[in-house]
Each structure stands twice: as structure tokens, then as C-alpha cells.
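# Geometric and topological summary
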Amino acid sequence: MNKIVLITGATSGIGLACARKFVENGDKLILTGRNEQLLADIKKELTEKGAEVLTLVFDVRDREKARSSITALPAEWKNIDVLVNNAGLALGLEPEFEGDYDDWETMIDTNIKGLLTMTRLIVPGMVERNSGHIINVGSVAGDAAYAGGNVYCATKAAVKALSDGLRIDVAKTAIRVTNLKPGLVETNFSNIRFHGDTDRAANVYKGIQPLTGDDIADVAVYASNAPAHVQIAEVLILATHQASGSVIIRK
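Now for a description of the structure that goes with this document. Quick caveat: nothing in here was measured; it's all calculated off a predicted structure. (Residues numbered from 1 in each chain as written. Predicted model: local features only at pLDDT ≥ 70, side-chain atom pairs only at ≥ 80, totals over all residues. Heavy atoms only, no water.)

### Re the sheet that holds strand β5 (residues 133–137)
- Strand order in the open sheet formed by seven strands is β3-β2-β1-β4-β5-β6-β7, with parallel pairing between adjacent strands. Where the open sheet ends on each side, the last strands, each with one partner, are β3 (53–57) and β7 (234–237). The average undirected angle you get between the axes of adjacent strands in this sheet is 15°.
- Contacts between helix α2 (residues 36–47) and the sheet are confined to β2 (28–33) and β3, with β3 contributing the most and set at about 175° to the helix.
- Against the sheet, helix α4 (residues 101–129) engages β1 (4–7), β4 (82–85) and β5, with an angle of about 175° to β4. (Pairing = 2+ DSSP bridges. Helix = DSSP H or I, 4+ residues; strand = E, 2+ residues; numbered from the N terminus. Axes fitted to C-alpha atoms, helices over the stretch in contact; angles between N-to-C directions. Contact = heavy atoms within 4.5 Å.)

What follows is the structure, encoded as C-alpha cells:
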């Protein structure tokens, strides 16, 4: 059965890869992001492949805009089957005692509070229907801190705790909760982390074949297609030569 899948942060990286993979799966998509033109371009690409796509322009940090956008969904789009909480970012690699206040707030407001906002807006409907799946995009960084990762690692540790807590909260229902924990994925993630320093971002992936957004999207679609009695609770996805958040073998 085709599902309605809502993906946050769908204009690039893992979010965009998920959009394309769920379309291949035959699902209908609600895509959210901050860039209206990018969303329009992606919608055009996917609808030309026969997909049904609805786009919503908002930043997950803007709770009121998120709420009004979800409330205004047409009736035929309201019963969301899969929520992919993908919107997230890292900023900076400074020691915690030298960190940038604005970077901290952006990461916390996006990675934690944005995820909570979308969960609060979508999951009550799933509970009412006794059906649904929440896929949170966490990180290997949530398992243990690495040098310079401090606040970002803390936000991804929060994603793990929130995923585990939600899974407990909905255990009496047929709703499933999955926490995906990617390692080194080559997207625009590092470019954003280093505030547009392309050379510094490129160095992150030197000497190792990193994961791609498609690799993570494959796991998300697999989890969503598991039999109803199977809950893929947590998946750690690493490049072959990455052992943890801080151990990467480069050649």
C-alpha cells in the first residue's frame, strides 16, 4: 500500500535522497524545507517520474509556521504514515569553552526542538489511527562525543533519547520508531558546518570512501517496508573504514 511520507529538510543530502527513494517505493511525499525554489525544482523532478508531491516551505525552528502548515494540509494529505525527521545540522568545531552562542542555538533549535515540534504535530494523528512510523535521523555522534563535536554530539544524543522515549510512549500502539545513526556521509553537511569553507569541508572526506545520502535512504525505506510486527529500532551505518565517530582510517 502506498504511504504518505513527510520528510523534513528535504532539499539536500539525506532528505533529498530519502525523497527519491520513497518515490521509487511508490509513496506519496510531503517535502518540507526553507528554500522555496529548491522545493519547487525537486517537486518538478519527482512529479515528472509520476510521483504525487506536496511541498511546504518552513523552517522547523519556526513552531508557529510549522503548525499552520500542517494544520492547513488538504484532507487527502492529513493521514501521514511515515514522518522522517531529517532536518538537522552541525556548526563549528571549536572547543566547548570557545563555542559560538548562535551556532549552539541553531543546532539545539533545529536538531532537538525542531524534531520535537514535528513529532508533536504529526504523531497524535498516528496514535488516533493506531498506525504510523517515525524515522529520526540521528548520528554516530550521539553515541560518544568526539573532539570539537561537543554541542552537536549532545543534540544527536538527545535524538537517541527522544527516539527511545517515544518508542516507550507508543509501545501500546502499532506505531514504530526508528533511529538512524549515520557516520561519515558526503553531503553538504561539512560545508554548512564550516560556514561555506569548501576546502575545509572537502578534507573531511579525503582518504576514505564515505557513505552517500542514498545509503541512508535505502535503510529508511527498508525500515518502513518491514512487516508490521517488525520494528527496526536503531541502525548504526558506517563507512567500511570508519569504526566510530572518532576512528576513521584514511589511505
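### Quick notes on the nonpolar core
- Judged by nonpolar contacts, the single largest core of 38 residues is most densely connected at I7, F22, L29, L31, L46 and V84.
- The set of elements that each furnish at least two residues to this core consists of β1, α1 (13–24), β2, α2, β4, β5, α8 (213–225) and β7.
- A total of seven residues in this core trace back to one element, the largest contributor, which is α1.
- Those residues in contact with I7, other than ones at most four positions away along the chain, are G15, C18, A19, F22, L29, I30, L31, T32 and V84.
- I4, L54, V60 and I70 belong to the second largest nonpolar core, which has 23 residues in total. (Core = buried A, V, L, I, M, F, W, Y, C linked by side-chain atoms within 4.5 Å. Buried < 20%, exposed > 50% of the residue type's maximum accessible area, 1.4 Å probe, protein only.)

### Overview of the side chain of R167
- Structurally, R167 is set in helix α5 (residues 150–169).
- On the accessibility criterion, R167 (17% relative accessible area) is buried.
- A polar atom in the side chain of R167 sits 3.1 Å from the backbone oxygen of V177.
- Excluding residues within four positions of it along the chain, R167 makes contact with V177, N179, Q231 and A233. (Polar contact = N/O pair within 3.5 Å; in protein donor to acceptor, adjacent residues only side chain to side chain.)

### A few points about the packing of helix α3 (residues 63–71) against α4
- The contact between α3 and α4 brings their axes to 10 Å, and the two run at 25°. Taken together, the axes of α3 and α4 lie roughly parallel to each other. Note on packing geometry: the crossing formed by α3 with α4 is right-handed. In contact with R63, A66, R67 and I70 of α3, α4 contributes K113, T117, M118, L121 and I122.
- For the contact of α3 with α4, the residue count by class is five nonpolar, one polar and three charged. (Parallel < 35°, antiparallel > 145°, perpendicular 65-115°, else oblique. Left-handed = near helix turned anticlockwise from the far one by under 90°. Nonpolar A, V, L, I, M, F, W, Y, C, P; charged D, E, K, R; others polar.)

Fair warning: the whole summary comes from geometry, so function is off the table for now.
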